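Structural description and commentary
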Amino acid sequence: MTETLSNNLIQNKERKFEMIKNSIVIGNLSWNNSGWENPLLNPKAHHKYAKKFPGHESLNFKFDKSIDIENEIYGYVEINNAKFRKFLNGGVFIFYSNNTEINLGQIVGIYANVKTLETRKETKYEKFENDTLFSNIKANKNLSLRFPYYLNSDKYKKYTKGNRLVGQRGISYYDDMNILKEIIIDELKELEKDNIYSKEIDVLKNIYQIYLKEEINYDVIEQEEIEQTIHDIPDLTDNISETITLNGKVYKRNNVLISRIKRERKFKCQICNETIKKSDGSFYIEAAHIIPKKDKGSENKENILILCPNHHKEFDYGKRKIIKHTKQEIVFELNENKHNIKFTI
């Protein structure tokens, strides 16, 4: 099912990485102490309606409502427009709520493969105004989740230049894939501290793979964190410990080393000398092991090349012949092109 969905989502070549434009939405939910599984009133809500009647989003994470079917869940989000003007069906809804118990904005859940309804669906359901539940979105039930750990939304204000992620009533559109990536990774880090959330972990990993077009690689994630947040990485030439503590946090030694090498080599591909600049101003580059780790290749400067994705794949899968390999340099032929790369900074 997930593979078919992924294929459908990326079928159009125009919708590769750009497909998410206008299809990441953050929607505001009125706070609900039941985890949006029961129609509860919120006396601390900031708008009058929610103090008098349960919001229609009160059942967004009740996955067995009478209107839900095997693979679809219906939900609701209040919008500040007459209709979803820009949303690209098949995208993602991330749900935000202001936790009125602790007065903190939190990311509380996600819907994926969302479709907006042209006409809102009305279902008989007690406790709502006129005993009628409204639905205006539906999503793939197997790719939707209330987060077991709510995430502090302040962390993601960098995507809004310090403003709140969404208005008190309404939705906000996001074009930057990194907000989706970061939220999924942050929730996964929390879930993987325990051994009880295997289903939830699978849901998030499937969403990540479908929309980010890649498997989650925690080593790469850790390297990026080191590159972005740690400005003084020590030389690890003589350090053989498996972990390194930087700024009070423990990292794998090899990830610290690779992050240092990337910086030393200025994030430039050592074959084509190109850099790849990301939307946040940082640079993307990959580390290739000359002697693979599976063949007991060492984690040191002379066994690592910093390459762009294309040359990394060519180095791994192309016709390659090592002519010379020392601590100072490597000389090799790759698909009949000769390269001489020095390991000095």
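Refer to the structure printed above.
First, a word on scope: everything that follows refers to the structure included in this document. Everything numeric here is computed off the predicted structure, so don't read it as measured data.

Considerations on helix α7 (residues 309–317)
Regarding α7, the residues found buried are H311, H312 and F315. Each buried residue of α7 lies within a common arc of 105° when the element is viewed along its axis, so the set occupies one face. In α7, the exposed residues that point more than 90 degrees away from the buried face are N310 and Y317. Along its buried surface, α7 packs onto β12 (286–289), β13 (304–307), β14 (320–325) and β15 (329–334).

Notes on the pairing of strand β9 (residues 249–252)
Note on strand geometry: in a regular strand, side chains alternate between the two faces of the sheet. In terms of strand pairing, strand β8 (residues 243–246) meets β9 through four bridges, oriented antiparallel. In the sheet register, T245 faces β9, and the bridge partner there is V250. Hairpin connection of β8 to β9: two residues between the antiparallel strands, including N247 at a positive phi of 50°.

A closer look at the environment of R146
With respect to the helices and strands, the residue R146 is situated in strand β6 (residues 145–152). Assessed through its relative accessible area of 29%, R146 is described here as partly exposed. On a C-alpha basis, the gap between R146 and I94 in space is 10.0 Å, while along the polypeptide they are 52 residues apart. With sequence-adjacent residues up to four places away left out, R146 is seen in contact with G35, W36, E37, F61, V108 and G109.

Quick notes on the rules
- Residues numbered from 1 in each chain as written.
- Predicted model: local features only at pLDDT ≥ 70, side-chain atom pairs only at ≥ 80, totals over all residues.
- Heavy atoms only, no water.
- Buried < 20%, exposed > 50% of the residue type's maximum accessible area, 1.4 Å probe, protein only.
- Helix = DSSP H or I, 4+ residues; strand = E, 2+ residues; numbered from the N terminus.
- Arc of directions from axis to C-beta.
- Contact = heavy atoms within 4.5 Å.
- Pairing = 2+ DSSP bridges.

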